[in-house]
Amino acid sequence: MKRQFRLSFNKDKCKGCELCISFCPKKILALDETVNAKGYRPAGIVNPEECIGCQSCAMMCPDLCITIYQLEEGDIA
Ligand code: SF4
Ligand code: SF4
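Residues numbered from 1 in each chain as written. Chains lettered and ligands numbered in written order. Predicted model: local features only at pLDDT ≥ 70, side-chain atom pairs only at ≥ 80, totals over all residues.

Colleague: Is there a simple way to think about the site of ligand 1 in this case?
Modeller: Close contacts around ligand 1 come from 15 residues, with Cys-24, Cys-51, Cys-54, Ser-56 and Cys-57 the closest. Considered class by class, the residues forming the shell around ligand 1 number 11 nonpolar, 3 polar and 1 charged. (Near = placed C-beta within 6 Å. Nonpolar A, V, L, I, M, F, W, Y, C, P; charged D, E, K, R; others polar.)

Colleague: Where do I start with the site of ligand 2 in this structure?
Modeller: Not every one of the 15 residues close to ligand 2 is listed here, only the nearest: Cys-14, Cys-17, Cys-20, Ala-43 and Cys-61. For the shell around ligand 2, the residue count by class is 11 nonpolar, 1 polar and 3 charged.

Colleague: Just to check I follow, could you spell out the environment of Ile-28 for this structure?
Modeller: Inspection of the secondary structure assignment puts Ile-28 in the loop between helix H1 (19–23) and strand E2 (29–31). Each C-alpha atom of the pair Ile-28 and Cys-51 lies 7.5 Å from the other, and the pair is 23 residues apart in sequence. With near-sequence residues (within four places) excluded, Ile-28 lies in contact with Ile-45, Val-46, Asn-47, Glu-50 and Cys-51. (Helix = DSSP H or I, 4+ residues; strand = E, 2+ residues; numbered from the N terminus. Contact = placed C-beta atoms within 7 Å.)

Colleague: Whenever I open this one, the environment of Gln-70 confuses me. Can you help?
Modeller: Tracing the chain through its elements places Gln-70 in strand E4 (residues 66–70). Distance in space between the C-alpha atoms of Gln-70 and Ala-58 is 14 Å, their sequence separation being 12 residues. Setting aside anything within four residues of it in sequence, one finds Gln-70 in contact with Arg-3, Phe-5 and Gly-53.

Colleague: Where do I start with unusual backbone geometry in this structure?
Modeller: Phi is mostly negative for residues that are not glycine, and the peptide bonds are mostly trans. Of note, the phi angle at Lys-27 is positive, near 55°, even though the residue is not glycine. With respect to the helices and strands, Lys-27 occurs in the loop between H1 and E2. Backbone geometry at Gln-55 places phi at a positive 75°, although glycine is not the residue there. Within the element layout of this structure, Gln-55 appears in the loop between strand E3 (43–45) and helix H2 (56–60).

So, to be careful, I would describe these as geometric facts and stop short of saying anything about function.
The following block contains the structure:
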């Protein structure tokens, strides 16, 4: 069974630098249309089903805004 991952972003810490977006090999991250408390458009995931859990985004984020979870079988609806 294909492993599935989900990302959690600390949107209020994000400064919209786009490093995570640049380094994602699947190109599934993008800036939100909304603005956070600091006045930046924070990053988010567009297509979580495509995530391969490589952690490149989390490692590149200078502000440690991204946490990656692997879903257990029972988590998938
Ligand atoms: S874990 Fe890898 S594939 Fe998933 S969003 Fe981050 S960089 Fe992209
Ligand atoms: S690398 Fe971190 S601070 Fe930069 S856009 Fe991505 S989540 Fe936000």
